[in-house]
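The primary structure of each chain is shown beneath.
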Amino acid sequence: MHFQAITRIPGDPILGLMEAYAKDPNPAKFDLGVGVFKDAQGLTPVPRAVKIAEQRLVDRQSSKSYVGGHGDAAFGRLLCQLVLGKDSALAGATQTPGGTGALRLAAEFIQRCLPGRGIWLSDPTWPIHETIFAGAGLKVGHYPYVGADNRLDVSGMLAALEAAPEGDIVLLHACCHNPTGFDLSRDDWGRVLEVVKRRSLLPLIDFAYQGFGDGLDEDAWAVRLFAAELPELLVTSSCSKNFGLYRERTGALLACCADTEKLLDVRSQLAFIARNLWSTPPDHGAAVVAEILADPELKSLWTSEVEAMRQRIARLRNGLVEALVPHGLSERFAHIAEQRGMFSYTGLSPDQVAALRERHSVYMVGTGRANVAGADEARLDVLAAAIADVCK
Ligand code: LMR
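Within an unreviewed UniProt entry, the label attached to the chain reads Aspartate/tyrosine/aromatic aminotransferase, and the organism entered is Pseudomonas bharatica CSV86. In its Sequence similarities (unreviewed entry) section, UniProt records this for the chain: "Belongs to the class-I pyridoxal-phosphate-dependent aminotransferase family." According to UniProt, the comment filed for the chain under the heading Cofactor (unreviewed entry) is "pyridoxal 5'-phosphate".

Put into structure tokens, the structure is as follows:
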């Protein structure tokens, strides 16, 4: 028997919650697990701009032949502008299956082209960061980010980066930190940039939630600062959340280089690696994004839809803290209103998370990470009562 020695491993801690939630017959359940946005009806909508772009593609598309190794050229160019701003001449995007594909491509690129370099991840970070980089054979280290007191630890972060070996890679979350929701201030970013320069570190910025924090351009502030101040930079961009294209697996790895020749060198390597990972990327989501970003009217519709999603998340954050007032818990959970993006490190313990699920059908990640964007605005009082119950 060939498979005799193969043992079972636990399911994915985040995706597994989707199944558990779907099976729960309680009509009053809350889905605060996987990072998907939900509207007032509890649905994860396809944005109108996406629907219009899709219809145009159906009418117009005449071939399903492969796109090239770097994917759709218009998508790459327009995404570079969306992420880096207008001045993105010395950057190139390689289209990937989602932001996760971009991370995997970055990991393989580092392993192949920058051998011996370690990578530094925030503690905590998205669990898949850990397994992607370790899986590609990189030495993974951690810098403090949010401590046991559930507060940002910027000095701990800076000290760890200061001690990182020269040339190592540092993975930074551009905005809407996953899992904590705690973002660096602009001053903090400036201090991180100083250390990055002094230690000759290579930043890899994960940008999965553009538009969900403070706005499309505001959220890109740190990425654009780093791109302006550093000759070389890697950015992973995801269109899953802001374009609502989750299952279409749409993203890119952006490489910024000091000159055109070097950009061509780097891109030749990325095309080779991508060819060996997935050959050529899936087309549909990227074609939709290109259609939207190339058309000023469609782009403006999409921008307003992203802004509406962002405002809903902000309302949910403030509303939940308000709803905790009658329980005397608004101060304890005040950070929920200060954090950004979909996620909140609530500070709830694994036992409290388990009790929330068992007693109230509230589903969130065991670490206490709640996807605030999944909450039901009309029932925040019910959610607050459930939280109060497990905090007794
Ligand atoms: C999350 O962290 O919930 C999202 O990034 C979705 C995922 O793939 O885990």
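A.B. asks: I keep staring at the UniProt feature "domain: Aminotransferase class I/classII large" (unreviewed entry) in the chain and nothing clicks. Help me out?
C.D. replies: The positions UniProt marks with the feature "domain: Aminotransferase class I/classII large" (unreviewed entry) are residues 29-387. Taken end to end, residues 29-387 has its terminal C-alpha atoms 13 Å apart, with 46% of it in helix and 14% in strand.

A.B. asks: Help me understand helix α3 (residues 73-84) in this model?
C.D. replies: A turn of α-helix holds 3.6 residues, and therefore any two residues three or four places apart point the same way. Taking 1.5 Å per residue as the helical rise, α3 with its twelve residues ought to reach 16 Å, and the 16 Å between its terminal C-alpha atoms agrees with that figure. Among the residues making up α3, those that are buried are Phe75, Gly76, Leu78, Leu79, Cys80, Leu82, Val83 and Leu84. The opening residue of α3 is Asp72, an N-cap whose side-chain oxygen sits 2.9 Å from the backbone nitrogen of Ala74.

A.B. asks: Any chance you could explain the sheet that holds strand β4 (residues 140-144) here in plain terms?
C.D. replies: Through backbone hydrogen bonds, the strands of a sheet pair up, either in parallel or in antiparallel fashion. In spatial order, the strands read β2-β8-β7-β6-β5-β3-β4; together these seven strands make up an open sheet with mixed pairing. Here the strands that pair on one side only, and so sit at the sheet edges, are β2 (91-96) and β4. Across the sheet, the axes of successive neighbouring strands diverge by a mean angle of 25 degrees, strand direction being ignored. Relative to strand β5 (residues 169-173), strand β3 (residues 119-123) runs parallel, the two sharing two bridges. Looking at β5, one finds that Ile119 is bridged to Ile169. Docked against the sheet, helix α6 (residues 154-162) engages β3, β4 and β5, running at close to 145 degrees with respect to β4.

A.B. asks: Please clarify how the site of the ligand should be interpreted in this entry.
C.D. replies: As a matter of local geometry, the ligand sits amid Ile14, Val34, Gly35, Trp126, Asn178, Tyr209, Lys241, Phe343 and Arg369. Between the ligand and Gly35 there is a distance of 2.7 Å, counted from an oxygen atom to a backbone nitrogen or oxygen. Trp126 is positioned with one of its side-chain polar atoms (N or O) 3.1 Å from an oxygen atom of the ligand. Against a free-state accessible area of 260 Å², the protein chains account for coverage of 82% of the ligand. Two domains each provide a minimum of three residues to the shell around the ligand, namely domain 1 (13-46 + 309-390) and domain 2 (66-294).

Conventions we followed
Residues numbered from 1 in each chain as written. Predicted model: local features only at pLDDT ≥ 70, side-chain atom pairs only at ≥ 80, totals over all residues. Heavy atoms only, no water. UniProt positions renumbered as here; feature names shortened; annotations may be inferred. Helix = DSSP H or I, 4+ residues; strand = E, 2+ residues; numbered from the N terminus. Expected span 1.5 Å × (residues − 1). Buried < 20%, exposed > 50% of the residue type's maximum accessible area, 1.4 Å probe, protein only. Polar contact = N/O pair within 3.5 Å; in protein donor to acceptor, adjacent residues only side chain to side chain. Pairing = 2+ DSSP bridges. Axes fitted to C-alpha atoms, helices over the stretch in contact; angles between N-to-C directions. Contact = heavy atoms within 4.5 Å. Near = heavy atom within 4 Å. Areas by Shrake-Rupley, 256 points an atom, 1.4 Å probe, with all protein chains shown as cover. Domains from an automatic or database assignment.

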